[in-house]
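# Reading the structure
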Amino acid sequence: MRVGVLGVGRIGVHHAETLARHPDVADLVLADDDAERAREVAQRIGCRVVAGVDAAFAVGLDAVVVATPTATHPQMIIKAAGFGVPVFCEKPVADGIPATLEVLAQVEKTGTPVHIGFQRRFDAGYLAAGAALRAGELGELRRVHLVTADREPPPAQYVANSGGIFRDMHVHDFDILRAVTGREVVEVYATGANRGADYFGEAQDIDVSAAVLTLDDGTVATLQGSRYNGAGYDVRMELGGTKATWAVGLDDGVPLRSAEPAVDFPAGPSWDGFLRRFAPAYRAELGAFLDLARGRITSPCDVRDALRALYIAEAADLSRRLHRPVRIDEVQQ
């Protein structure tokens, strides 16, 4: 396969390194506005570089991975769809709901396969928990708890353009909640605080978050988040049922310490960030995308899935601002 990677920032380089080692990829092509950076990456991993996005599509791609800045995602996805090239794009699809709907309309018109990057869907723990729930091992689901906490906050420029903690960070929680439970969120009640750097408040964002989410079968889920979790990168999901309780992310890298005597778990060291924590999931995700591009599977996470997660994020942000519960149908368009 001839695969293009558009954008060689941090996540783009990570994807390019994975694809360069994949047995299905015979020709890897990189493109980035920073030509020197693209050449350095290409030389290091042993692939080739072309002069821009148009040049990448001109070589006849079998699949393309979009890792460019968020503002460019819609045009990149639509361009790929116009060429009929299967596309993998990091979340989000677009900056907001209207632009996401426009992308959805364009890709459905062309019928081009699109895979949006929500890597937790490919993490072994989440997959095992979802399978156990569907197999009845947990009994009837009664509660869900989700945690996402960064070891340290992102820089001010990133926060100012991120869309806020619910759209940027917790959209992963909203997506995996849908994927694991197989249910839809119908209502959100969210809150938060800015107790850290001033630039969060200046961006009308928060650095500590919490939410209560009601699913369509009445199950209640809770969510907590932080941009200042100095112990390490903490991503977990707990599912409590009438027969059993399963926890995702409770491994030796979880940044927790027990206060109970003679309890040594976890062994550590703590996870320091998402790339290391989810490295196997990222590899599995790109493998699934290549299967999609070759027609072996349908999209594991398409634009509609991304839109549904975005609806929840929009409702959560609105709830925080209005200080009241918000139903998902209030933000749907």
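Residues numbered from 1 in each chain as written. Predicted model: local features only at pLDDT ≥ 70, side-chain atom pairs only at ≥ 80, totals over all residues. Heavy atoms only, no water.

Operational definition: UniProt positions are given in the numbering used here, feature names are shortened, and annotations may be inferred rather than shown by experiment.
The name given to the protein in an unreviewed UniProt entry is Gfo/Idh/MocA family oxidoreductase, with the source organism recorded as Rugosimonospora acidiphila. In its Sequence similarities (unreviewed entry) section, the UniProt entry covering the protein states "Belongs to the Gfo/Idh/MocA family."

### Section: the sheet that holds strand S5 (residues 87–90)
Note the threshold: Being paired, for any two strands, means DSSP has found at least two bridges between them. In this description a helix means any DSSP run of H or I spanning at least four residues, a strand means any run of E spanning at least two, and both kinds are numbered starting from the N terminus.
Taken together, six strands build an open sheet; the order of strands is S3-S2-S1-S4-S5-S6 and the sheet is parallel. Either end of the sheet is taken by a strand with one partner, and the two such strands are strand S3 (48–49) and strand S6 (114–117). Sheet topology places strand S2 (residues 27–31) next to S3; two bridges connect them, and they run parallel. The residue bridging Leu30 from the neighbouring strand is Val49, located in S3.

### Considerations on the packing of helix H6 (residues 124–134) against helix H9 (residues 171–181)
Helices that pack against each other are described as a pair by the angle of their axes relative to one another and the distance between those axes. What counts, and what does not: Only the stretch in contact is used when fitting a helix axis, every axis being a line fitted to C-alpha atoms; angles between N-to-C directions are given from 0 to 180 degrees. Here the angle decides the label: under 35 degrees means roughly parallel, over 145 means roughly antiparallel, 65 to 115 means roughly perpendicular, and every other value means oblique. The criterion used for residue contact is that any of the two residues' heavy atoms lie within 4.5 Å. By the convention adopted, Pro, Cys, Tyr, Trp, Phe, Met, Ile, Leu, Val and Ala count as nonpolar, Lys, Arg, Asp and Glu as charged, and the other residues, Gly among them, as polar.
With their axes 8 Å apart at the nearest point, H6 and H9 run at an angle of 40 degrees to one another. Between H6 and H9, the crossing angle belongs to the class labelled oblique. Contact residues: Tyr126, Ala129, Gly130, Leu133 and Arg134 in H6; Ile176, Ala179, Val180 and Thr181 in H9. The residue makeup of the contact of H6 with H9, split by class, is six nonpolar, two polar and one charged.

### Quick look at the nonpolar core
The nonpolar side chains of a soluble globular protein tend to be buried with one another. The condition is simple: Here, nonpolar core means buried Ala, Val, Leu, Ile, Met, Phe, Trp, Tyr and Cys residues that are tied together by side-chain atoms lying within 4.5 Å of each other. Relative accessibility under 20% of the residue-type maximum defines a buried residue, over 50% an exposed one, and the middle range a partly exposed one, all with a 1.4 Å probe and only protein chains included.
Formed by 78 residues in total, the largest nonpolar core has its most connected members in Val188 and Leu213. When residues of this core are assigned to their parent elements, the largest contribution, 10 residues, is made by helix H13 (residues 303–322). By size, the runner-up hydrophobic cluster in this structure holds 23 residues, among which are Val8, Ala16, Leu30 and Phe88.

### A short note on the sheet that holds strand S7 (residues 141–149)
Sheet strands pair by backbone hydrogen bonding; their relative direction is either parallel or antiparallel. In spatial order, the strands read S12-S11-S7-S10-S9-S8-S13; together these seven strands make up an open sheet with mixed pairing. The sheet is open, and its two edges are formed by strand S12 (245–248) and strand S13 (326–327), each paired on a single side. Sheet strands in contact with H6 are S7, strand S11 (234–241) and S12, and its direction is about 160 degrees off that of S12. In the packing of H13 onto the sheet, the strands contacted are strand S8 (185–193), strand S9 (208–215) and S13, and the crossing angle to S8 comes to about 50 degrees.

### Considerations on the environment of Glu140
We apply this condition: Under this definition, polar contacts are N or O atom pairs within 3.5 Å; protein pairs additionally need one hydrogen-donor-capable and one acceptor-capable atom, and for neighbouring residues in sequence, both atoms have to be side-chain atoms.
Here Glu140 shows up in the loop between H6 and S7. On a C-alpha basis, the gap between Glu140 and Leu250 in space is 22 Å, while along the polypeptide they are 110 residues apart. At 2.7 Å, the side chain of Glu140 and the side chain of Arg142 are in polar contact.

### As for the side chain of Ser270
Structurally, Ser270 is set in the loop between S12 and helix H11 (274–277). The residues touching Ser270, leaving out its near neighbours within four places in the chain, are Ala231, Gly232, Gly253, Val254, Pro255, Arg257 and Arg276.

### Remarks on the pattern of salt bridges
Filter applied, for reference: Salt bridges, as used here, are contacts in which a Lys or Arg side-chain nitrogen is within 4 Å of a carboxyl oxygen on Asp or Glu.
For the coordinates displayed, the defined rule picks out 32 salt bridges. Arg167 is paired through a salt bridge with Glu314; the nearest N and O atoms lie 3.0 Å apart. You can see Arg167 sitting in helix H8 (residues 165–168) and its partner Glu314 sitting in helix H13, a full 147 residues away along the chain. For Glu314, a relative accessible area of 16% puts it in the buried group. Across the pair Arg227 and Asp168 runs a salt bridge whose closest N-O atoms are separated by 2.8 Å. You can see Arg227 sitting in the loop between strand S10 (220–226) and S11 and its partner Asp168 sitting in helix H8, a full 59 residues away along the chain. Salt bridges sharing partners connect three or more residues here, namely Arg121, Asp175, Arg178, Glu184 and Asp305.

### A short note on the environment of Leu213
Here Leu213 is to be found in strand S9. Sequence spacing of Leu213 and Val326 is 113 residues, and the spatial spacing of their C-alpha atoms is 9.8 Å. Apart from the residues lying within four places of it in its own chain, the contact partners of Leu213 are Phe174, Leu177, Val185, Glu187, Val188, Thr219, Val220, Ala221, Leu223 and Ile312.

### Some thoughts on the packing of helix H5 (residues 97–110) against H13
Following both chains from N to C, one finds H5 and H13 inclined at 170 degrees, their axes separated by 10 Å at the closest point. Here H13 runs roughly antiparallel to H5, going by the angle between their axes. Contacts between H5 and H13 involve Ile97, Thr100, Leu101, Leu104, Val107 and Glu108 from the former and Val303, Arg304, Leu307, Leu310, Tyr311 and Glu314 from the latter. Residue classes in the contact of H5 with H13 are distributed as eight nonpolar, one polar and three charged.

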